[in-house]
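# Coordinates in review
Read off the chains here:
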Amino acid sequence: MRETILKKIVIASNDSCSYFDTFKEVSIEKLVRPNIQHLQAYSCARDEYKGKEAIFLDANENPYDNGYNRYPDPLQQELKAVLSQIKNVPTDQMILGNGSDELIDLIIRSFCEPAQDNMIVFSPGYAMYEVSAAINNIAVKKINLTADFLPDWQTMWQKVDEHTKIIFLCTPNNPTGKLIPLEQIEQVCRKFQGLVLVDEAYIDFTDEPSAIHLLERNKNVLVLQTLSKAWGMAGLRLGMCFSNPKVINILNAVKPPYNISSLTQSTVIELLQDYDGFKQKCLRLKSERQRLLTELSTLDLFETVYDSDANFILAITDKCREIYTYLIDQQIVVRLRDIPPVISGGIRITVGTEEENNDLLKALKNYTA
Ligand SMILES: *Cc1c(COP(=O)(O)O)cnc(C)c1O
């Protein structure tokens, strides 16, 4: 699988020689904010002493053991070793966050200079990028997706300037469920002199390869994943970012030292053991997604029901508000996504259990305008 993909990318790159003409090695040192580049990272007690068995009188902890009296491993080595096996990425190329939302803020805060730098996002997309940008006083250049829900690259390149630090690509995208071909992502990585952040929160619901495959040949790519969706651990808050060791070191210096609690670390390690169960649930959700897609399309309610590579389906109707309220009355909560001009009258429906989906379909069949 991996080899065919790599071949495909090489061919795609050869087709567009201009990308090679402009290709230069991106310097991470030049991209990081100057104050962060010179940051003396906080050295916590657990950083200094590496042994396991000792009398720990260094961190002002309570010595009486209740299971949680000690500070957690700030670099989550044991958990990273497990993730490294699953993701096939070395541990020095990953950083973990309290959800990927924490990592989005961390990345913006480390690389974008407030009131000076800007970043690119596509609309409709995941709203958190803009929220984090606003909090950090970073300008956002927002570009509409094309009618077939793909990034409008031409407009994007027109908007990129010397202060553009990060291009955010969400694939499969929320709320469209649309995947961006990996070749297109690599072309952006080659041409752009800043960072390319690929948010793959829904990657486990697709059969397509992850942008993790781009890490080896592109220093400026950051791949964001999460345990909140396919792995079913939204409540635990565990996000992952994969990149080259230089980027990871910078982010490690900026992150709060104990950002992942020991309860989260140990529980995640335990839940990650059930890889077969995870795969099975992914398959089940994918087949339910297909069933929902078919059934929703046969109803008269929706103008369009979009195929999806994620665990949700976007359906378009000029009665979106009425249907939304009707479903609430039936105690079924979906998400309104009315984001013109690209999506007008959208309802985003998460794929539930077989039973939940049946209830949803039954309610929609009984809907009368
Ligand atoms: C759900 C989602 C996330 C996950 O955020 P967590 O903080 O890890 O729960 C990230 N990106 C997108 C696009 C999402 O839809």
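Residues numbered from 1 in each chain as written. Predicted model: local features only at pLDDT ≥ 70, side-chain atom pairs only at ≥ 80, totals over all residues. Heavy atoms only, no water.

### What to know about the overall build of the chain
Across its full length, the chain carries 15 helices and 11 strands. The globule rule puts the C-alpha radius of gyration for 369 residues at 21 Å, and the 22 Å found for the chain is close to it. With the C-alpha coordinates of the chain rotated into their principal frame, the extents come out at 70 × 60 × 40 Å. Pairs at least 24 apart in sequence give 70% of the contacts found in the chain among residues at least 6 apart. Only carbon and sulfur atoms are counted for the fraction: they give 50% of the accessible area of the chain, which is about 18400 Å². (Helix = DSSP H or I, 4+ residues; strand = E, 2+ residues; numbered from the N terminus. Rg over C-alpha atoms; globule rule 2.2 N^0.38 Å. Contact = heavy atoms within 4.5 Å. Areas by Shrake-Rupley, 256 points an atom, 1.4 Å probe, with all protein chains shown as cover.)

### As for the pairing of strand β10 (residues 335-339)
The sheet contact formed by β10 and strand β11 (residues 343-350) spans four bridges and is antiparallel. Across the sheet, I339 pairs through a bridge with I343, a residue of β11. Linking β10 to β11, which pair antiparallel, is a turn of three residues. (Pairing = 2+ DSSP bridges.)

### Regarding the packing of aromatic side chains
Taken as a whole, this structure holds 10 aromatic pairs when the rule is applied. Where Y129 meets F168, the ring centres are 4.6 Å apart and the plane angle is 35°; that geometry is what we call tilted. In this pair, Y129 sits in helix α8 (residues 128-135) while F168 sits in strand β4 (residues 164-170), placing the two residues 39 residues apart along the sequence. We note that Y129, like F168, is buried. An aromatic cluster of three or more residues is present, and its members are Y126, Y129 and F168. We note R348 situated over the ring of F312; from NZ or CZ to the ring centre the distance is 5.7 Å. (Phe/Tyr/Trp six-rings, centres within 6.5 Å; stacked < 30°, edge-to-face > 60°. Buried < 20%, exposed > 50% of the residue type's maximum accessible area, 1.4 Å probe, protein only. Lys NZ or Arg CZ within 6 Å of the ring centre and 35° of its normal.)

### Structural notes on the pattern of salt bridges
With the rule as written, the count across this model stands at 14 salt bridges. In this structure, the salt-bridge partner of D105 is R109, at a minimum N-O distance of 2.9 Å. Within this pair, D105 and its partner R109 are both found in helix α7 (residues 100-111), separated by four residues, close to a single helical turn. A residue is classified by how much of its surface remains accessible, and R109, at 30% relative accessible area, is partly exposed. A network of salt bridges, in which partner residues are shared, links E186, R190 and R217. (Salt bridge = Lys/Arg side-chain N within 4 Å of Asp/Glu carboxyl O.)

### Quick word on the sheet that holds β10
Ordered in space as β8-β9-β11-β10, the four strands form an open sheet in which the pairing is antiparallel. In this open sheet, the two edge strands, each paired with only one partner strand, are β8 (304-305) and β10. Examined bridge by bridge, β8 and strand β9 (residues 312-316) share two bridges and lie antiparallel to one another. The residue bridging V305 from the neighbouring strand is A315, located in β9. Those strands touched by helix α13 (residues 275-298) are β8, β9 and β11, and its axis lies near 15° from that of β9. (Axes fitted to C-alpha atoms, helices over the stretch in contact; angles between N-to-C directions.)

### Things to note about the site of the ligand
Contacts to the ligand come from 13 residues, most closely from S100, T226, S228, K229 and R237. Contacts to the ligand include N174, whose side-chain N or O atom sits 2.9 Å from an oxygen atom. If the ligand stood free it would expose 390 Å²; the protein chains cover 94% of that surface. Class assignment for the residues of the shell around the ligand results in four nonpolar, five polar and four charged. (Near = heavy atom within 4 Å. Polar contact = N/O pair within 3.5 Å; in protein donor to acceptor, adjacent residues only side chain to side chain. Nonpolar A, V, L, I, M, F, W, Y, C, P; charged D, E, K, R; others polar.)

### A look at the domain arrangement of the chain
One widely used convention gives an interface's size as the accessible area the parts lose upon coming together. Taken domain by domain, the chain comprises domain 1 (2-272) and domain 2 (278-365). Inter-centroid distance (C-alpha atoms) of domain 1 to domain 2 is 29 Å. With both sides pooled, the region where domain 1 packs onto domain 2 buries about 1700 Å², and carbon together with sulfur makes up 67% of that total. The largest contributions to the domain 1 side of the interface with domain 2 come from F149, P175 and F205, which together make up 37% of the buried area. Measuring nitrogen to oxygen at the nearest pair gives 2.7 Å for the salt bridge that ties D207 to K286. Residue composition of the side of domain 1 that touches domain 2, grouped by class: 10 nonpolar, eight polar and two charged. (Domains from an automatic or database assignment. Buried area = accessible area lost by both parts, 1.4 Å probe.)

### Some details on the sheet that holds β4
Strand pairing in a sheet relies on backbone hydrogen bonds. The paired strands run either parallel or antiparallel. Taking strand neighbours across the sheet as the criterion, the seven strands line up as β1-β7-β6-β5-β4-β2-β3 in an open arrangement whose pairing is mixed. In the strand order of this sheet, the two ends are held by β1 (94-97) and β3 (139-144), each with one partner. In this sheet, adjacent strand axes meet at a mean angle of 20° when their direction is disregarded. Of the strand pairs in this sheet, β1 and strand β7 (residues 239-242) are connected by four bridges, and their pairing is antiparallel.

### Here we look at unusual backbone geometry
Excluding glycine, a negative phi dihedral is what most residues carry, and trans is how most peptide bonds are arranged. Cis rather than trans, the peptide bond between S123 and P124 has omega equal to -5°. For P124, the location among the structural elements is in the loop between β2 (118-123) and α8. With a phi angle near 60°, A115 is a residue other than glycine that sits in the positive phi range. Here A115 shows up in the loop between α7 and β2.

### Some thoughts on the environment of C112
Note that C112 resides in the loop between α7 and β2. A sequence separation of 52 residues divides C112 from T164, and the C-alpha atoms of the two residues are 8.6 Å apart. For C112, the residues in contact, after removing those within four places along its chain, are R33, D117, I138, K165 and I166.

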